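Read off the chains here:
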Amino acid sequence: MLSNKNGRFGQFGGRFVPETLMSLLEDLEKVYFSLKKDKKFHAELDFYLKEFAGRPTNLYHAKRLSAYYKTLKIYLKREDLLHTGAHKINNTLGQILVAKRMGKARIIAETGAGQHGVATAAVAALFGLKCEVYMGEEDMKRQALNVYRMQLFGAKVIPVTSGSKTLKDAMNEAIRDWVTNVHNTFYLIGSVAGPHPYPTMVRDFQSVIGQEARAQFLKKEKSLPDYVLACVGGGSNAMGIFHAFYNDKKVKFIGVEAAGHGLNTQQHSASLHKGHLGVLHGSKSQVLQTSNGQIKLAYSIAAGLDYPGVGPEHSFYKESGRAQYVAVTDKEAVSALKLLSKVEGIIPAMESAHALSYLEKLAKKVKDKASVIVCLSGRGDKDMETIKNFI
Ligand SMILES: *Cc1c(COP(=O)(O)O)cnc(C)c1O
């Protein structure tokens, strides 16, 4: 589903921002949609995706995992093999080239776990642009290694001490900075969230995942997969792999949210299960909020999933029934991480392990045999402490 002119996906999406940002977003929209048709822009992006990030990534037939589940033929889309360790680099490369075309000298971003901050700092270093990343003070403590990585790339990490000192507060600070410095600053958003045109632009940059996967699967299997599975935080890796299959109506999409300690506790980040219609980060979608509209703290063992909202296009996919959304707990995700490591020799990111974990239920649900592509959004190196300490 392409967003319509106002960046709406059904009733979701749009542009809910301070007046001062309106003309800038209109500019960005104009520039982006013209670059979308610009062959030179795509040639440059393709060059960096290949030479810097390591695309295309493999579509790997996980034979032993398939044998374990018996009823599933499982393929893994190996975004974990990309530079900086996850799919996020697809988007940061795309956006930094847009920023360059707009003549912006300074890049800002917010980051929770630090993964998006690292992918942003890396591309800012690549192009010699100034980069400042807002990060909650609490998150800086929890993710000290990523802070150090960003600093090595020459970025400045700005601690955010307001509110809960986590991602949602960092988001507020980044928007505040942007309002003040729009003339020279480009705000590089890390998922299919934010005001129009970000959800569409980020989806487009991530859709390389699905385009490759679809062609690779067709080549190997001479057919299309029955299922495509991905984890959903803000929703960019999921939208990136789903989008290319949108018109293949027989391909079923399953998005996996983080149920944390359980959907019936307060500690999860399942916005599509437990959220309500609201505005977060400049767009309308399902948001975890109190009855007064205060944003709740999201929780997941996978730091990249603990975002209290979800991209508007996912809310639309859910409402229209194009995708099904499920949720798995910390515990289930940890088991899935251990299983993949043991039977395939691949340690997935905790986030990606959520998608893998749902295979267990899917294997029991399918009649006969089914084929499935799982988006392995990132590698697990960053999660070793977390897994070691998990009881
Ligand atoms: C950030 C991250 C995610 C979650 O972000 P989406 O926008 O939902 O894709 C998932 N997997 C990994 C490895 C990440 O770093």
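Rules and cut-offs
Residues numbered from 1 in each chain as written. Predicted model: local features only at pLDDT ≥ 70, side-chain atom pairs only at ≥ 80, totals over all residues. Heavy atoms only, no water. Near = heavy atom within 4 Å. Polar contact = N/O pair within 3.5 Å; in protein donor to acceptor, adjacent residues only side chain to side chain. Areas by Shrake-Rupley, 256 points an atom, 1.4 Å probe, with all protein chains shown as cover. Nonpolar A, V, L, I, M, F, W, Y, C, P; charged D, E, K, R; others polar. Buried < 20%, exposed > 50% of the residue type's maximum accessible area, 1.4 Å probe, protein only. Helix = DSSP H or I, 4+ residues; strand = E, 2+ residues; numbered from the N terminus. Pairing = 2+ DSSP bridges. Salt bridge = Lys/Arg side-chain N within 4 Å of Asp/Glu carboxyl O. Axes fitted to C-alpha atoms, helices over the stretch in contact; angles between N-to-C directions. Contact = heavy atoms within 4.5 Å. Expected span 1.5 Å × (residues − 1).

Asker: Would you mind going over the site of the ligand in detail, with residue names and values included?
Answerer: The local shell around the ligand holds 17 residues, among which Lys-88, Ser-191, Gly-235, Ser-236 and Ser-377 are the closest. At a separation of 3.2 Å, an oxygen atom of the ligand approaches a polar backbone atom of Gly-234. The separation between an oxygen atom of the ligand and a polar side-chain atom of Asn-237 is 2.8 Å. Protein chains shield 97% of the accessible area of the ligand, which is 380 Å² for the free molecule. Partitioned by chemical class, the residues of the shell around the ligand number four nonpolar, eleven polar and two charged.

Asker: Can you tell me about the pairing of strand β13 (residues 323–329), naming the residues and giving the values?
Answerer: Along β13, five of the seven residues are buried, which leaves the element largely enclosed by surrounding structure. The pairing of strand β10 (residues 252–260) with β13 spans seven bridges and is parallel. From the neighbouring strand, Phe-253 faces β13, where its bridge partner is Ala-323.

Asker: Residue-level account of the pattern of salt bridges, with values.
Answerer: If you walk through the whole model with that rule in mind, you get 26 salt bridges. Ionic pairing is found between Arg-55 and Glu-212, a salt bridge with its closest N-O pair at 2.8 Å. Pair noted here: Arg-55 is in the loop between α2 (39–53) and β3 (59–61) and Glu-212 is in helix α10 (residues 208–221), with a separation of 157 residues, a long-range link. Take Glu-212: its relative accessible area is 14%, and that puts it in the buried class. The shortest N-O distance in the salt bridge between Glu-132 and Lys-130 comes to 3.6 Å. Given a relative accessible area of 9%, Glu-132 falls into the buried group. Linked by salt bridges that have partners in common, Lys-36, Arg-203, Asp-204 and Glu-313 make up one network.

Asker: Tell me about the sheet that holds β3, and please be specific about residues and values.
Answerer: Read from one edge to the other, the open sheet built from six strands follows the order β3-β4-β14-β9-β10-β13, with strand pairing classed as mixed. Each edge of the open sheet is held by one strand with a lone partner, namely β3 and β13. Averaged over all pairs of adjacent strands, the angle between strand axes in this sheet comes to 25 degrees, irrespective of strand direction. Sheet analysis places strand β4 (residues 72–78) next to strand β14 (residues 370–376), joined by seven bridges and oriented parallel. Of the residues in β14, the one forming a bridge with Lys-73 is Ser-371. In this fold α10 packs onto β3, β4 and β14, with an angle of close to 140 degrees to the strand it touches most, β4. The strands touched by helix α15 (residues 350–357) within the sheet are β4, β9 (227–231), β10, β13 and β14, with β9 carrying the most contacts at an inclination of about 145 degrees.

Asker: Go over the side chain of Thr-120, please, and point to the residues and values.
Answerer: On the secondary structure map, Thr-120 appears in helix α5 (residues 115–127). Judged by its relative accessible area of 0%, Thr-120 is buried. For Thr-120, the residues in contact, after removing those within four places along its chain, are Thr-92, Ile-107, Ala-109, Cys-131 and Leu-188.

Asker: Before we move on, can you summarise the environment of Ser-223 with the specific residues and values?
Answerer: Mapped onto the elements of the fold, Ser-223 is located in the loop between α10 and β9. For Ser-223 and Ser-371, which are 148 residues apart along the polypeptide, the C-alpha to C-alpha distance reads 9.9 Å. When sequence neighbours within four positions are dropped, the list of residues in contact with Ser-223 reads Phe-217 and Leu-218.

Asker: Requested: an account of unusual backbone geometry, with residues and values cited.
Answerer: Residue Pro-56 follows Arg-55 across a cis peptide bond; omega there is -5 degrees. Position of Pro-56 relative to the elements: it lies in the loop between α2 and β3. With an omega of 15 degrees, the peptide bond running from His-196 to Pro-197 counts as cis. Among the structural elements, Pro-197 can be located in the loop between β8 (185–187) and α9 (198–206). Non-glycine residue Lys-165 carries a positive phi angle of around 60 degrees. Looking at the secondary structure, you find Lys-165 in the loop between β7 (156–160) and α8 (167–181). The class for Lys-165 is partly exposed, based on a relative accessible area of 29%. Even without being a glycine, Lys-222 presents a positive backbone phi close to 55 degrees. Tracing the backbone shows Lys-222 in the loop between α10 and β9.

Asker: Quick rundown of α5? Include the residues and the values.
Answerer: In this model α5 runs 19 Å from its N-terminal to its C-terminal C-alpha over 13 residues, within 8% of the 18 Å that 1.5 Å per residue would give. Taken across its 13 residues, α5 has eleven buried, putting it largely inside the fold. Regarding α5, the residues found buried are Gln-115, His-116, Gly-117, Val-118, Ala-119, Thr-120, Ala-121, Ala-122, Val-123, Ala-124 and Phe-127. Those residues of α5 hidden inside the fold are in contact with α2, α4 (88–101), β5 (106–111), β6 (130–136) and α7 (144–152). With its phi angle positive at about 65 degrees, Gly-128 sits one or two positions after the end of α5.

Asker: Could you give an account of the environment of Tyr-75, with specific residues and numbers?
Answerer: By secondary structure assignment, the location of Tyr-75 is in strand β4. It is 13 Å that separates the C-alpha atoms of Tyr-75 and Ser-377, two residues lying 302 residues apart in sequence. Ignoring sequence-local partners within four residues, the contact set of Tyr-75 consists of Leu-59, Tyr-60, His-61, Phe-217, Lys-220, Glu-221, Val-372, Ile-373 and Val-374. One polar contact links Tyr-75 to Glu-221, side chain to side chain, over a distance of 2.7 Å.

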